[in-house]
Amino acid sequence: MSTTARKRASLIGWGAITALAVLYGPMAIEYMWRFFNPDAPELWNHTFGAVVDHEEAYGPGSIEAEQVVQYTQNRYILLFHTTAGGIAIVLFAAQFSARVRRNLARHRLIGRFAASIALIGMAGAMAFLLAVGPEGTFDGAAFYLQLWALALGTTIGVGLGLAAAVKRQIAMHQALMAYAFALLLTAPLLRVFYLFLGNLWPETTQLETNLAGAAFLATWAPLGAFLAARALDVRQRRTTAIGPLPGRALDLGVLATAVVAAAALGWRYSTAFDGLDRVTTTGLVGVVAGLSVALTNHLAARRAGNDLAAEEWRVIGLAQLAGAPTGVVLWALYDLPFTTYDAYLGMLLTAPALALSIGFLVVVWRRRVVRRTTRSGEAAQLVDH
Ligand code: HEM
């Protein structure tokens with residue numbers, strides 16, 4: 001992709017994400033008010049009811065009906081969570097504007113506030129999860145497992161992103177903050193799924209559209225973070241201290257393991273359940289689309305002679321393949337405390353995300369700038385970007 005086309009694509013992507021954050025942020029901030037004041041406007045519920053239908057937004061199987069007891073009992077914790085989450089996505093969106101970043105003092109000030117507020121939001125989420133456990137979470141154990149993964153992933157992303165900024169590892173800082181932001185964006189993106197799938201599957205409930213959206217985002221949240229990290233990458237060449245990755249043997253080993261693991265998953269699925277349900281299908285569409293994007297971009301970068309991009313897409317493609325063996329292990333682990341169905345769904349909602357996140361961390365680590373100490377004791381960069 002030419003530089004101009006890349007810039008245009010980044011601008012369109014950032015514009016769409018900012019619009020989503022600015023639209024949904026106030027709805028999230030206002031969401032819990034009705035547990036304190038019955039006359040609250042209920043911005044989200046009214047939007048949901050108008051775009052899909054009243055029954056889907058308020059009837060059996062809706063968050064509204066299923067979670068009313070848990071939300072009433074934990075209204076202060078959730079008020080913290082939803083208010084902090086709503087503010088955080090708007091501030092993070094602003095931080096990714098090159099214009100806002102141009103004023104470094106302002107970028108730092110907003111950044112410290114945005115990071116703190118995101119961490120407060122995650123503390124609220126974890127407090128809720130600890131208070132209600134898997135049974136008290138909407139959609140039960142599978143979503144509970146994904147919410148823990150999201151809470152921990154966001155906390156780690158923000159924490160490492162701040163540490164990288166302090167160490168002036170700017171490429172690492174940007175990628176890690178993109179990762180944290182992508183995970184935060186799963187909240188509004190899930191709502192987009194409620195609206196879209198609610199219309200596509202007229203007889204569905206939010207219990208199903210929530211799991212289907214979550215299954216798709218298990219691949220696309222970390223992959224979206226990587227797309228943003230690539231758009232932000234301005235390096236021309238790698239630092240000489242960071243050597244190339246192992247060659248073809250690695251690709252073949254990962255591919256063979258993935259094929260065997262995918263067959264094992266398919267076999268377990270077909271012996272435990274009847275036919276393909278819509279949640280699994282949506283998750284598989286996410287996985288296949290993700291793999292195609294990684295392969296296409298890897299080949300395009302190689303053709304263009306962009307070694308850095310080709311290598312990063314290769315790591316991300318391999319990480320996606322590693323999702324299959326990760327799935328085998330997680331399903332077996334989740335089997336211990338949960339039913340087979342919950343353990344399977346929990347695996348579907350977390351395995352691709354875990355494998356991709358590890359691949360993402362490998363990419364981030366390889367973006368570090370290596371400094372050496374000169375005889376006079378000054379730190380000198382080997383190569384920068
Ligand atoms: C990415 C990390 C996040 C985690 C781990 C998380 C966790 C949670 C949890 C545990 C719940 C209760 C779910 C249940 O009923 O079982 C919840 C609900 C909620 N969260 Fe988050 N959340 C995250 C991000 C966000 C963000 C960024 C926002 C706002 C933009 C947000 C807004 C809400 C709202 C409005 C609710 C209540 C209504 C609903 O579930 O539709 N969350 N979240």
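Higher on the page you've got the structure.
Rules used throughout
- Residues numbered from 1 in each chain as written.
- Predicted model: local features only at pLDDT ≥ 70, side-chain atom pairs only at ≥ 80, totals over all residues.
- Near = placed C-beta within 6 Å.
- Helix = DSSP H or I, 4+ residues; strand = E, 2+ residues; numbered from the N terminus.
- Nonpolar A, V, L, I, M, F, W, Y, C, P; charged D, E, K, R; others polar.
- Buried ≥ 20, exposed ≤ 12 C-beta atoms within 10 Å, placed from the backbone.
- Contact = placed C-beta atoms within 7 Å.
- Expected span 1.5 Å × (residues − 1).

A short note on the site of the ligand
So, step 1. Of all residues adjacent to the ligand, which total 26 residues, the nearest are Ala28, Gly85, Ala125, Ala151 and Ala187.
So, step 2. Contributions of two or more residues to the shell around the ligand are made by helix H1 (3-31), helix H6 (75-95), helix H8 (104-132), helix H9 (141-166), helix H10 (170-184) and helix H11 (186-200).
So, step 3. In terms of residue count, H6 provides more of the shell around the ligand than any other element does, six residues in total.
So, step 4. Here the residues of the shell around the ligand are counted per class, giving 17 nonpolar, nine polar and no charged.

A word on unusual backbone geometry
So, step 1. One non-glycine residue, Asp139, adopts positive backbone phi at about 75°.
So, step 2. Mapped onto the elements of the fold, Asp139 is located in the loop between H8 and H9.
So, step 3. Phi is positive for Arg168, which is not a glycine, with a value near 55°.
So, step 4. When you line up the elements, Arg168 lands in the loop between H9 and H10.
So, step 5. Overall, the presence of 12 C-beta atoms within 10 Å leaves Arg168 in the exposed class.

Structural notes on the environment of Ala115
So, step 1. With respect to the secondary-structure elements, Ala115 resides in helix H8.
So, step 2. Its 22 C-beta neighbours within 10 Å are what place Ala115 among the buried residues.
So, step 3. For the pair Ala115 and Ala88, spaced 27 residues apart in the sequence, the C-alpha separation amounts to 7.7 Å.
So, step 4. Not counting the four nearest positions on each side in its chain, Ala115 is found in contact with Val158 and Leu162.

Focus: helix H16 (residues 340-365)
So, step 1. When the terminal C-alpha atoms of H16 are compared, their 36 Å separation across 26 residues agrees well with the 38 Å that a helix rising 1.5 Å per residue should span.
So, step 2. Burial analysis of H16 places 20 of its 26 residues in the buried class, which makes it a mostly covered element.

Examining the environment of Leu184
So, step 1. Along the chain, the position of Leu184 falls in helix H10.
So, step 2. Under the C-beta neighbour-count criterion, Leu184 is labelled buried, with 25 such atoms within 10 Å.
So, step 3. On a C-alpha basis, the gap between Leu184 and Gly153 in space is 9.7 Å, while along the polypeptide they are 31 residues apart.
So, step 4. Not counting the four nearest positions on each side in its chain, Leu184 is found in contact with Gly85, Ala88, Ile89, Phe92, Ala118 and Thr154.

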